[in-house]
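Structural overview
Each chain is listed here by its residues.
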Amino acid sequence: MGNPQTIWFNPQKKLVETIDQRYLPFQNLIIEIQTLDEVRFAITEMVVRGAPLIGVTAAYGMYLAALNFSGSNFQDEMKRAADWLKSSRPTAVNLAFAVDEALAVISEELTIPENIHRLLNNAESLKQREIDFSKKIGKFGLELIRSISEKKNGKPVQILTHCNAGRLACVELGTATAPIYLAREAGIPIHVWVDETRPRNQGARLTAWELGEAGIPHTVIPDNTGGHLMQHQLVDMVIVGSDRTTLNGDVANKIGTYLKALAAADNGIPFYVALPSTTIDWTLSDGLSEIPVEQRDGREVSMMEGLLDDKVHEFRILPEKSPVANYGFDVTPARLVTGLITERGVCKATKEGILNLFPEKTPTDD
Ligand code: MRU
């Protein structure tokens, strides 16, 4: 199976349709989203998740907010919608980026129907941009895999990934998985170690499902296994995604990413982060102190979902009274990152490296 899109606009019904990721891999359901509140629910409850997809969904959310406008002040209402959406999840910068971009396309000079039209075009164009970015990331990442493969005498390149930075987190292809899909297409032997990614198990539930659908050889491992594999030369490279990368190359990604980067550094294994420029926060230069890390409901830690007798059940897996902590993300310092794979090429995780690829983002004094 190829790479169908994860989100699309239904012009007949004037609403957005997306895969409801809460039910994968047990059920593959499509959900209709038609109001601003439904968009916010989809983001907070992780019907959609993954930085690029959150951004695209939010852009559609701004369109739906305008389409359903019935108040007296359109501009004020859109600003309220923007704030409401931005407050849904704090870490992935794609969300704020997409909402601000949508706000910037509306104009007091235009009629409301004209603004609605613009907002839909804006969402569709962000979606297309993310698709293009994923393809380019795939192309650049493919060359990294190819060069490792050339030294392996036909043995599979062993790639470890964390969480889901696949097509489910984007629109098509994914970021971390884009090079993997293209390597597969190019006939390069590969095998993917999929971190289960507690507590929500995006690796076990989503990445494993995605790779399985695409026929890519993979093995799901408990989160603690990566270091052991690396010590035994069973990992050739790590590729992960990012929710927010600072201008100096610090990378926020799913909790546990930092530990993989430490283990990779200790074992001399290249650690790559694949990300579109929509995930770079050009205003930040210290990930640890500046990137807001989401803390989520403790139930994600204390409860676990699984299939029993063909039915999905939720089980408590720890003592009822034990407190839990549920940090959604961690920050991997730039010094542990071998390279950033972007839509413009691979660069060092440094300000110079990033600005060399994106010179138009060079900060000015004013
Ligand atoms: O909490 P999630 O599932 O939204 O977290 C997703 C990740 O951490 C991904 O690795 C990241 O968004 C990159 S997606 C291409």
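Residues numbered from 1 in each chain as written. Predicted model: local features only at pLDDT ≥ 70, side-chain atom pairs only at ≥ 80, totals over all residues. Heavy atoms only, no water.

A few points about empty space enclosed by the protein
As a reminder, the rule being used: A 1.4 Å probe that fits but cannot get out identifies a cavity on a 1 Å grid over protein atoms alone, an open set with protein on both sides within 12 Å along at least five of seven lines counts as a pocket, and a residue lines either if it has an atom within 4 Å of a point. Grid points are joined across faces, edges and corners, and a volume is the space filled by probe spheres set on the points. Runs of E in the DSSP output that reach at least two residues are strands. Runs of H or I that reach at least four are helices, and both are numbered from the N terminus. Under this grouping Gly is polar, as are all residues other than the nonpolar Ala, Val, Leu, Ile, Met, Phe, Trp, Tyr, Cys and Pro and the charged Asp, Glu, Lys and Arg. Domain boundaries shown here were taken from an automatic or database domain assignment.
A full pass over the atoms with the stated rule returns three cavities of 30 Å³ or more. Computed from the structure, the largest cavity encloses a volume of approximately 180 Å³. In this structure, the largest cavity is lined by 24 residues; those nearest its centre are Gly50, Ala51, Asn164, Asp243 and Asn253. Listing elements by their share of the lining of the largest cavity, those giving two or more residues are helix 2 (51-67) and strand 9 (251-254). Its residues assigned to classes, the lining of the largest cavity comprises 11 nonpolar, nine polar and four charged. Looking at the lining of the largest cavity, you find at least three residues from each of domain 1 (7-129) and domain 2 (136-361).

Details of the nonpolar core
Here is the rule: The set of buried Ala, Val, Leu, Ile, Met, Phe, Trp, Tyr and Cys residues whose side-chain atoms join them within 4.5 Å is what this entry labels a nonpolar core. Partly exposed describes any residue whose relative accessible area lies between the buried limit of under 20% and the exposed limit of over 50%, with all areas from a 1.4 Å probe on protein chains only and scaled to the type maximum. The contact rule is simple, with two residues in contact once any of their heavy atoms fall within 4.5 Å.
Counting 41 residues, the largest nonpolar core has Tyr60, Met62, Met78 and Leu119 as its most contacted members. Of all the elements in the fold, those that place two or more residues in this core are strand 1 (7-10), helix 1 (36-44), helix 2, helix 3 (74-86), helix 4 (93-105) and helix 5 (112-149). The leading source of residues in this core is helix 2, at 12 residues. Not counting residues up to four positions away in its chain, the partners in contact with Tyr60 are Ile7, Phe9, Val16, Leu120, Ala123, Glu124 and Lys127.

Looking at the sheet that holds strand 11 (residues 280-281)
The test is simple: Any two strands with at least two DSSP-identified bridges between them are counted as paired.
Strand order in the open sheet formed by four strands is 11-8-9-14, with mixed pairing between adjacent strands. Two strands bound the open sheet, and with one partner strand each, they are strand 11 and strand 14 (329-332). Across four bridges, strand 9 lies against strand 14 in antiparallel orientation. For Asn253, the partnering residue across the bridge sits in strand 14 and is Asp330.

Some details on the packing of helix 5 against helix 6 (residues 178-185)
Note the cut-off: Fitting a line to C-alpha atoms yields each axis, with helices limited to the stretch in contact; the angle taken between N-to-C directions then spans 0 to 180 degrees. Each crossing gets its handedness from the near helix: less than a right angle anticlockwise from the far helix is left-handed, clockwise is right-handed.
Contact geometry for helix 5 and helix 6: axes closest at 7 Å, N-to-C directions at 65°. Along this stretch, helix 5 crosses helix 6, giving a crossing that reads as right-handed. Within the contact between the two elements, helix 5 uses Ser134, Lys135, Ile137, Gly138, Lys139, Gly141, Leu142 and Ile145 and helix 6 uses Ala178, Pro179, Ile180, Leu182 and Ala183. Split by residue class, the contact of helix 5 with helix 6 holds eight nonpolar, three polar and two charged.

Let's talk about the sheet that holds strand 3 (residues 30-33)
Pairing in this open sheet of three strands is antiparallel, and the strands run 1-2-3 from one edge to the other. Strands at the two margins of the open sheet, each flanked by one partner only, are strand 1 and strand 3. Strand-to-strand, the axes of this sheet are offset by a mean angle of 25°, without reference to chain direction. Where strand 1 lies against strand 2 (residues 15-19), four bridges are found, and the strand directions are antiparallel. For Phe9, the partnering residue across the bridge sits in strand 2 and is Val16. Helix-sheet contacts for helix 2 involve strand 1, strand 2 and strand 3, and the interaxial angle to strand 1 is about 20°.

Let's talk about the domain arrangement of the protein
We count it as follows: A simple way to read buried area is as the amount of 1.4 Å-probe accessible surface that goes missing from two parts once joined, with both sides added. Any Lys or Arg side-chain nitrogen located within 4 Å of an Asp or Glu carboxyl oxygen qualifies as a salt bridge.
The domains assigned to the protein are domain 1 (7-129) and domain 2 (136-361). One C-alpha centre belongs to domain 1, the other to domain 2, and the line joining them spans 26 Å. Counting residues at the interface gives 27 residues for domain 1 and 33 residues for domain 2. Summing both partners gives a buried area of about 2,400 Å² for domain 1 against domain 2, and 60% of it is carried by carbon and sulfur. Counting across the domain 1 and domain 2 interface gives one salt bridge. A salt bridge links Arg89 to Glu294; its shortest N-O distance comes to 2.8 Å. Within the residue set of the side of domain 1 that touches domain 2, elements represented by two or more residues are helix 2, helix 4 and helix 5. Grouping the constituent residues of the side of domain 1 that touches domain 2 by class yields 16 nonpolar, six polar and five charged.

A look at the layout of surface pockets
Over the atoms, a rolled probe matching the size of one water molecule traces out where space is still vacant. Computed from the structure, the largest pocket encloses a volume of approximately 710 Å³. Forming the boundary of the largest pocket are 26 residues, of which Arg200, Arg205, Glu300, Glu305 and Glu314 lie nearest the centre. Counting residues per element, the ones that place at least two in the lining of the largest pocket are helix 7 (202-213), helix 11 (299-302), strand 12 (303-308) and strand 13 (311-316). Examining the composition of the lining of the largest pocket, we find that four residues originate from one element, helix 7, more than from any other.

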